[in-house]
Amino acid sequence: MIREIVSSLWHNKARTVLITALNTLTFFLALITLTNSLAFYTQLSDVRKLFREDTRNTYRIDAAYIENEDNIGADFEELKALVNARENSVCGAYDITRTYFDELTDDPEFIALNKKAYPDNERYPALTETVYIDTEILKIVNFELTENDFRPVEKDGELFLPLYAGEDFNGVLSVGDTLTMTNSREKYIVAGFLNGKKWFDDSDPVTMPPVSLDHSFFAPFSELEKQLSENDFNMLHHATVGKIFMSCPPSVAEEFNARAMEKGIKFSVVSIYDFTKLWETNNKDSLAQLTFLAVIVLVCSAVSIVSTLCVNVLLKKREYGIKIAFGSTKGKIILSLGLEMIFLNVISGIIAFVLSYRSFAGNIIRSYREIYLRTLCSGSLLCSIGLALILTILVLFVPIKLLGRYDPASLIKEEE
């Protein structure tokens, strides 16, 4: 049977190439549209899983207006302290910045690693992406480290702030290595390595896509950095969009907002639950359009392939008649035709998957690249397999009906 199928495909090379091309286009467009649609839900799920508590009582804080930007660092610290002083309440912030450390500025192994990770940053290869946090935020975000992991470490009579390096740096750095931040002169010590851990992507604080920390440093804010204003040389953690979170009762959130207003700061305080629901609602139309496009692509491709197979059945009627006359059954011919389609679908699906993977792997925003590739290899792949089975049934239905109408004599005679 397999030899007959391969022989048939080779004998009808033009038809094989045409159907393979149509199938590949179908699966490629279906994978792209499915991934674009499903990636949204993958990202939503990832964001919600990043928070420890009920997202209805976990708030994202966005500053819409700041009257006195020179005092922003001290004001934010006071507001966070107000929340942290309340029962069952916690508030913390983070920021991500690329930082110089004296000990790494001229390290060739470190620089080579950075160039590979950040090909767009060749002018400043020694800069390291570092996530700075208030340790209180670890009570809000679902992360393996706790506040105890960020206690100052004493070495040779000097205190250092702990720093955790991504797994990529394991071998370039070692636990116990000390690092000095070039600008602020704050001293850190490597306390461990992070493998497969994620944090919010600073490049898109609006949709908060999680990003891998495998090539990042993770460290607490120093006391100096907490007080910096917007005009200081290295302002950290005072970003006003999606970088401050608190988990507290609604009454504390209202008190926080009222105190901010007294300081001339207008905040938008929205629960993560409401924020993600609004985000989902705002994207409803675009997701529906992507789904509609996927259906249109499938229907158009199915019609094209059905037409090709119908023409093929009509052209091969005499061949089918002779096979039936020599003992073959219509069931075997139909099975052979079905196996041909499955074989071509598998080949087309593999080609389409490779093309889709290369397309999404080229995304320059690494957090989205990771989300899209994960969605492609999971939900989209399963859906495309289902589509392949449906497509096989659809495109074989009409040719099977045509073939079932003929007997051997009429097949052979009509072809003559």
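This structure is a prediction, so every number in the text was calculated from the model and none was measured.

Oppositely charged side chains can form a pair if their charged atoms are brought close together. In this structure the tally under the stated criterion is 16 salt bridges. A salt bridge links K80 to E77, with the shortest nitrogen-to-oxygen separation between them at 2.8 Å. Of this pair, K80 and E77 both sit in helix α3 (residues 72–84), three residues apart, which is roughly one turn of the helix. Across the pair, E77 and K80 agree in class, each one buried. Counted as one network, the salt bridges with shared partners bring together D75, E78, R259, E262 and K263.

Let's shift gears to the side chain of S271. By the element assignment, S271 lies in strand β12 (residues 265–271). Residue class for S271 comes out buried when judged on its relative accessible area of 5%. Each residue touching S271, except ones within four places of it in the same chain, is listed here: T55, R56, T58 and Y59.

Time to look at the side chain of T180. Here T180 is to be found in strand β6 (residues 178–180). You can call T180 buried: its relative accessible area is 6%. One polar contact links T180 to K187, side chain to side chain, over a distance of 3.5 Å. With sequence-adjacent residues up to four places away left out, T180 is seen in contact with Y100, F101, D102, E103, R185, E186 and K187.

With that settled, the discussion passes to the packing of α3 against helix α6 (residues 250–262). Look at α3 against α6: their axes get within 10 Å of each other, and the N-to-C directions meet at 155 degrees. Judged by the inter-axis angle, α3 sits roughly antiparallel to α6. Here α3 and α6 pass one another in a crossing that is right-handed. Contact residues: E78, L79, L82 and V83 in α3; V252, E255, F256, R259 and A260 in α6.

On inspection of all chains with the given rule, the structure shows 22 aromatic pairs. Between F101 and Y188, the aromatic rings sit 6.3 Å apart at their centres with planes inclined by 85 degrees, giving edge-to-face as the arrangement. In this pair, F101 is assigned in the loop between β2 (90–99) and α4 (108–117) and Y188 in strand β7 (residues 187–194), connecting sequence segments 87 residues apart. Given a relative accessible area of 1%, F101 falls into the buried group. An angle of 55 degrees between the planes, with centres 5.0 Å apart, marks the rings of F169 and F217 as tilted. Of this pair, F169 sits in the loop between β5 (158–166) and β6 while F217 sits in strand β10 (residues 217–220); the two residues are 48 residues apart in sequence, bridging distant segments of the chain.

This next bit is on the pairing of β10. Judged by which residues are buried, β10 turns out to be covered on both faces: F217 and A219 on one side and F218 and P220 on the other are all buried. The sheet contact formed by strand β3 (residues 128–133) and β10 spans four bridges and is parallel. If you follow I133 over to β10, its bridge partner there is P220.

Analysis parameters
Residues numbered from 1 in each chain as written. Predicted model: local features only at pLDDT ≥ 70, side-chain atom pairs only at ≥ 80, totals over all residues. Heavy atoms only, no water. Salt bridge = Lys/Arg side-chain N within 4 Å of Asp/Glu carboxyl O. Helix = DSSP H or I, 4+ residues; strand = E, 2+ residues; numbered from the N terminus. Buried < 20%, exposed > 50% of the residue type's maximum accessible area, 1.4 Å probe, protein only. Contact = heavy atoms within 4.5 Å. Polar contact = N/O pair within 3.5 Å; in protein donor to acceptor, adjacent residues only side chain to side chain. Axes fitted to C-alpha atoms, helices over the stretch in contact; angles between N-to-C directions. Parallel < 35°, antiparallel > 145°, perpendicular 65-115°, else oblique. Left-handed = near helix turned anticlockwise from the far one by under 90°. Phe/Tyr/Trp six-rings, centres within 6.5 Å; stacked < 30°, edge-to-face > 60°. Pairing = 2+ DSSP bridges.

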